[in-house]
Amino acid sequence: MADEHLSALDLAFWNLDSPGHPMHLGAVAVFDRDPQRPVDADGLAALLTARAEAVPRMRQRVKDVWYGVGGAAWAADAYFDARRHVHAVRRADARGAVADLMSRPMDRHRPPWEVYVIEGAPDAPFHVLVKLHHALADGLRAVEFGAALLDQGARPPAPTAAAPAPTAAAPAPRAGAEAALPAQVRGPGIHLPGLPLPDPRQVVASLPDRVREAGRALGIGSAVLRASLDPGGPAALGAAWTPGGGAERRFATASLDVDDLHQVRKTSGGTVNDVVMAVVAGALRRWMQARGDDPAGPGPRALIPVARRRRRGVRGGRGNRISGYLLRLPVGEPDPLARLRDVRAGMDRNKDAGPDSGPGAVALLADSVPPLAHRFAAPLLAASARLLFDVLVTNVPMLDVPLTLDGCRMAELYPIAPLARGQSLAIALSTYRRRVHIGLLADAESLPDADTLAAALHGALAELLDACG
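Here is what the cut-offs are and how they apply
In every chain, residue numbers begin from 1 and rise along the written sequence. Local features in this predicted model are restricted to residues whose pLDDT is 70 or higher, and side-chain atom pairs enter the listing and the counts only when it is 80 or higher, whereas totals over whole chains, interfaces and linings include all residues. For side-chain calculations, the full set of non-hydrogen atoms in the structure is used, while hydrogens and water are omitted. Helix numbering and strand numbering both begin at the N terminus, where a helix is a DSSP run of H or I of at least 4 residues and a strand a DSSP run of E of at least 2. Each residue is placed in one exposure class: buried if its accessible area under a 1.4 Å probe, protein chains only, is under 20% of its type's maximum, exposed if it is over 50%, and partly exposed if it falls in between. Should any heavy atoms of two residues lie within 4.5 Å, those residues are counted as being in contact. Method for areas: the Shrake-Rupley scheme with a 1.4 Å probe, in which residue coverage is limited to the protein chains shown. In this description, strands pair whenever DSSP reports at least two bridges between them. Each axis is a line fitted through C-alpha atoms, and for a helix only the stretch in contact is used; angles between axes span 0 to 180 degrees, taken between their N-to-C directions. Polar contact is the term for a pair of N or O atoms within 3.5 Å; when the atoms are in protein, one must be able to donate a hydrogen and the other to accept it, and sequence-neighboring residues count only if both atoms are side-chain atoms. Ring pairs shown here join Phe, Tyr and Trp side chains whose ring centres sit within 6.5 Å, with only the six-membered ring taken for Trp; geometry is labelled stacked below 30 degrees between planes, edge-to-face above 60, and tilted in between. Sitting over a ring, as applied to charges here, requires NZ of Lys or CZ of Arg to be within 6 Å of the ring centre and within 35 degrees of the ring normal. When a carboxyl oxygen of Asp or Glu lies within 4 Å of a side-chain nitrogen of Lys or Arg, that pair is called a salt bridge.

Peer 1: Give a detailed account of the overall build of the chain, specifying residues and quantitative values.
Peer 2: Helix and strand counts for the chain come out as eleven helices and 15 strands. The 469 residues of the chain split such that 50% are buried. In the chain, of all internal contacts separated by at least 6 residues, the share reaching a separation of at least 24 is 79%. Put simply, the chain shows about 21400 Å² of open surface, and 57% of that area lies on carbon and sulfur atoms.

Peer 1: With reference to specific residues and values, describe the environment of Pro402.
Peer 2: Here Pro402 lies in the loop between strand S11 (391-395) and strand S12 (404-405). Along the primary structure Pro402 and Tyr432 are separated by 30 residues, whereas in three dimensions their C-alpha atoms are 8.7 Å apart. Ignoring anything within four residues of it in the chain, the contact list for Pro402 reads Gln152, Tyr432 and Arg433.

Peer 1: Can you lay out the sheet that holds strand S9 (residues 301-307) for me, pointing to particular residues and giving the numbers?
Peer 2: The strands that make up a sheet are held in pairs by hydrogen bonds between backbone atoms, and each pair lies either parallel or antiparallel. Pairing is mixed across the open sheet formed by six strands, whose spatial order is S8-S15-S14-S11-S9-S10. Two strands bound the open sheet, and with one partner strand each, they are strand S8 (249-257) and strand S10 (322-328). Within the sheet, the average angular offset between the axes of one strand and its neighbour, ignoring direction, is 20°. Two elements, strand S14 (residues 425-432) and strand S15 (residues 435-443), share eight bridges in a ladder whose sense is antiparallel. By the bridge assignment, Ser430 is partnered in S15 with His437. Where helix H3 (residues 94-103) meets the sheet, its contacts fall on S8 and S15, and the angle it forms with S8 comes to roughly 125°. Here helix H7 (residues 258-268) sits on the sheet and contacts S8, S14 and S15; the angle it forms with S8, its principal contact strand, is near 65°.

Peer 1: Describe the side chain of Glu119, and please don't skip the residues or the numbers.
Peer 2: With respect to the helices and strands, the residue Glu119 is situated in strand S6 (residues 113-119). Residue Glu119 is classed as buried on the basis of its relative accessible area, which comes to 16%. Within the structure, the side chain of Glu119 is placed 3.4 Å from the side chain of Arg90, a separation counted as a polar contact. Beyond its immediate sequence surroundings of up to four residues, Glu119 is in contact with Arg33, Val39, Ala41, Val89, Arg90 and Arg91.

Peer 1: Break down the packing of aromatic side chains for me, citing the residues and quoting the values.
Peer 2: The final tally for this structure, using the stated rule, is one aromatic pair. Taken together, a centroid distance of 5.2 Å and an interplanar angle of 15° make the contact between Phe31 and Phe126 stacked. Taken together, the residues span a long stretch of sequence, with Phe31 in strand S2 (residues 24-31) and Phe126 in strand S7 (residues 126-133) at a distance of 95 residues. Phe126 shares its class with Phe31; the two are buried. In this structure, Arg108 is placed above the aromatic ring of Trp14, and the distance from its NZ or CZ to the ring centre is 4.0 Å.

Peer 1: I'd love a proper account of the pairing of S14, names of residues and values included.
Peer 2: When you tally the buried positions in S14, you get seven out of eight residues, the bulk of the element. Taking the residues that link successive antiparallel strands as the turn, the S14-S15 hairpin has two residues, and the phi of Arg433 there is positive, at about 55°.

Peer 1: Can you lay out the pattern of salt bridges for me, pointing to particular residues and giving the numbers?
Peer 2: The full count for this structure, using the stated rule, is 23 salt bridges. Linking Arg110 and Asp107 is a salt bridge whose minimum nitrogen-to-oxygen distance equals 3.6 Å. Here Arg110 falls in the partly exposed class, since its relative accessible area comes to 23%. What makes Asp107 partly exposed here is its relative accessible area of 26%.

Peer 1: I'd like a rundown of the sheet that holds S6, residues and numbers included.
Peer 2: Overall, mixed pairing links the six strands, which are arranged S5-S6-S7-S2-S13-S12 in an open sheet. Of all the strands in the sheet, just strand S5 (86-90) and S12 have a single pairing partner and so form its edges. Here S2 runs beside strand S13 (residues 408-416); their pairing, made up of six bridges, is antiparallel. Of the residues in S13, the one forming a bridge with Gly26 is Ile416. Relative to the sheet, helix H2 (residues 41-53) contacts S5, S6, S7 and S12, its axis offset from that of S5 by approximately 160°. In the packing of H3 onto the sheet, the strands contacted are S2, S6, S7 and S13, and the crossing angle to S7 comes to about 15°.

Below you can see the structure in the form of structure tokens.
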């Protein structure tokens, strides 16, 4: 695969990464055991290793480039060994293992992904955790990577030239080591003499689009500034930042019946997503009350990502392109149906404005920033996330067909979103086999009771069903 520049947004994700706030997302798949044979975690890890070898992108790492100063590109890792990325873990507390593993940053000098087979009690299901850096994949691409590891999506490894297995004497390269590599495996952007010059006619023809993009960026920037001046949400959803720390996580899950969500939708109108956001608002209200906090006052601002297709001809065109909506969750409203109406009204306003405008479209501003500026602006942007939103709520599409790993049925799938600095909660959900599976990743210090919030999701949906009669 030829070297490919990171898109502007992927470059932003890469530069936002820090040890205390790693920018990787993930998913936890829960598999039923085959009663005819015991779970072999090491064997499953070997199977996943072989399948990961067949995915070209999983053999690439991020390298700095000379052309487009401050930029980066995907390039073949000359020292790639999938065995460094796939591991077997034996721990009875699977959710605790997931929380610990999601707390750990990944090696930025290797392809940014990891897979863990988590084997628990002998009679319990086993779990598989997939970690992917956000620069490598958004939710849709993450599903593609995950599917390639399962029985239905696996393909035989592509034929490659024989290469010696990495040893302790051949570590992954570090800064300064690239000059010693052969020319065919050096980083992108180095071959300056071969770069094509832009056609002046194409440059002139693109000027109207550039002007429109600049105007849109100015509008989004103004909306972001106004939103950042709005009062923040509950203090309970803010995480204090401590230098060199803050990475410890809690992981909790909930599972809702799709038919129950549809029943509320049919009775009260709107969309299933409106119902889900109302359930989240109701759960936050219940959780705050259980902590002794007053839910009255400004509700938390939820950032709801929306996937956008990238236009052809844009450098890094295969990368992430994400917009979003910003929604104030009505946690102060005691009536569950009134909360749903407030959510629906807010979402209707967002949809009328469109996903490419308003403060929720802040991610689109990445296209307007030169690569070098991303590096300098990343610390400022990381510290400013709390000014714009209080909680991330993202819906990850999923193939709703039976999936297996080595013949074992996948029963549940919980997506995991990264935490921004200054925030204590990210909520990700995905629908699989008539269940909405919800993964909650929380800052351990600010939100140690993530399990209480997960349980409150069930109570909030039950409250809506009762209100609908």
